[in-house]
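# Reading the structure
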Amino acid sequence: METQAQKVTVSTTINAPVSKVWTYFNSPEHVTQWCFASDDWHAPKSENDVRVGGSFTTTMAAKDGSFSFDFGGVYTQVENEKLLDYNMADGRNVKVMFESKGDSTTVTEVFDAESENSVEMQQQGWQAILENFKKHVEAN
């Protein structure tokens, strides 16, 4: 019997219009500036082909060189400035929703939890990355 993965939700509201938020979320030159959870990590490389069947990958690495991994997936649904839906290599699904509220945008990510780390740890990590994204968009 197959069990459903637990869904985890993280969200933030960014003081920027959806067009800017969408661009900063998807452009590799911006992704490398925000796609990490803490200041001792960075994202030295990012590639993104935003279309159904397109894929993305971002290298996330400890700045001291002790550890790195590639985070990526293949898009199953893309609605410009509204939705990104993708599956990661391990089969887990992620939905990223962009809700325009005039001069601000709420970004909500719903993802299938993995079984290696606690749900709380995963939620904290994804939320930290999303808050880093918010900080990058609002500062530029």
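Higher on the page you've got the structure.
An account of the accompanying structure is given in this report.

Criteria and thresholds
Residues numbered from 1 in each chain as written. Predicted model: local features only at pLDDT ≥ 70, side-chain atom pairs only at ≥ 80, totals over all residues. Heavy atoms only, no water. Salt bridge = Lys/Arg side-chain N within 4 Å of Asp/Glu carboxyl O. Helix = DSSP H or I, 4+ residues; strand = E, 2+ residues; numbered from the N terminus. Buried < 20%, exposed > 50% of the residue type's maximum accessible area, 1.4 Å probe, protein only. Pairing = 2+ DSSP bridges. Axes fitted to C-alpha atoms, helices over the stretch in contact; angles between N-to-C directions. Contact = heavy atoms within 4.5 Å. Phe/Tyr/Trp six-rings, centres within 6.5 Å; stacked < 30°, edge-to-face > 60°. Lys NZ or Arg CZ within 6 Å of the ring centre and 35° of its normal.

Considering all chains together, one arrives at six salt bridges under this definition. For Asp112, the salt bridge goes to Lys7, with nearest N and O atoms at 2.7 Å. Residue Asp112 is located in strand β7 (residues 104-112), and its partner Lys7 is located in strand β1 (residues 7-14); the two are separated by 105 residues in the primary sequence. Judged by relative accessible area, which is 10%, Asp112 ranks as buried. Lys7 sits in the partly exposed class, given a relative accessible area of 48%. Between Lys134 and Glu138 there is a salt bridge, with its nearest N and O atoms 3.1 Å apart. Of the two residues, Lys134 and Glu138 both sit in helix α3 (residues 119-139), four residues apart, roughly one turn of that helix. Take Lys134: its relative accessible area is 18%, and that puts it in the buried class.

Let us now look at the sheet that holds strand β6 (residues 93-101). Strand order in the open sheet formed by seven strands is β1-β7-β6-β5-β4-β3-β2, with antiparallel pairing between adjacent strands. Looking at which strands have only one partner, the edges of the open sheet turn out to be β1 and β2 (41-48). With strand direction ignored, the average angle separating the axes of adjacent strands in the sheet is 20°. As defined by bridge partners, β6 adjoins β7 across eight bridges and the pair is classed as antiparallel. Across the sheet, the residue bridging to Val96 is Glu109, located in β7. Against the sheet, helix α1 (residues 18-26) makes contact with β1, β2, β4 (68-79), β5 (83-88), β6 and β7, and its axis sits at roughly 150° relative to β6, the strand it touches most. Each of β1, β3 (55-62), β4, β5, β6 and β7 is contacted by α3, which is oriented at about 20° to β1, the strand it contacts most.

Scanning the model with the defined rule gives 15 aromatic pairs in all. An angle of 85° between the planes, with centres 6.1 Å apart, marks the rings of Tyr75 and Tyr86 as edge-to-face. Of this pair, Tyr75 sits in strand β4 while Tyr86 sits in strand β5, and the two are 11 residues apart along the sequence. Each of the two residues, Tyr75 as well as Tyr86, counts as buried. The ring of Tyr24 has Lys20 lying over it, and the distance from NZ or CZ to the ring centre is 5.3 Å.

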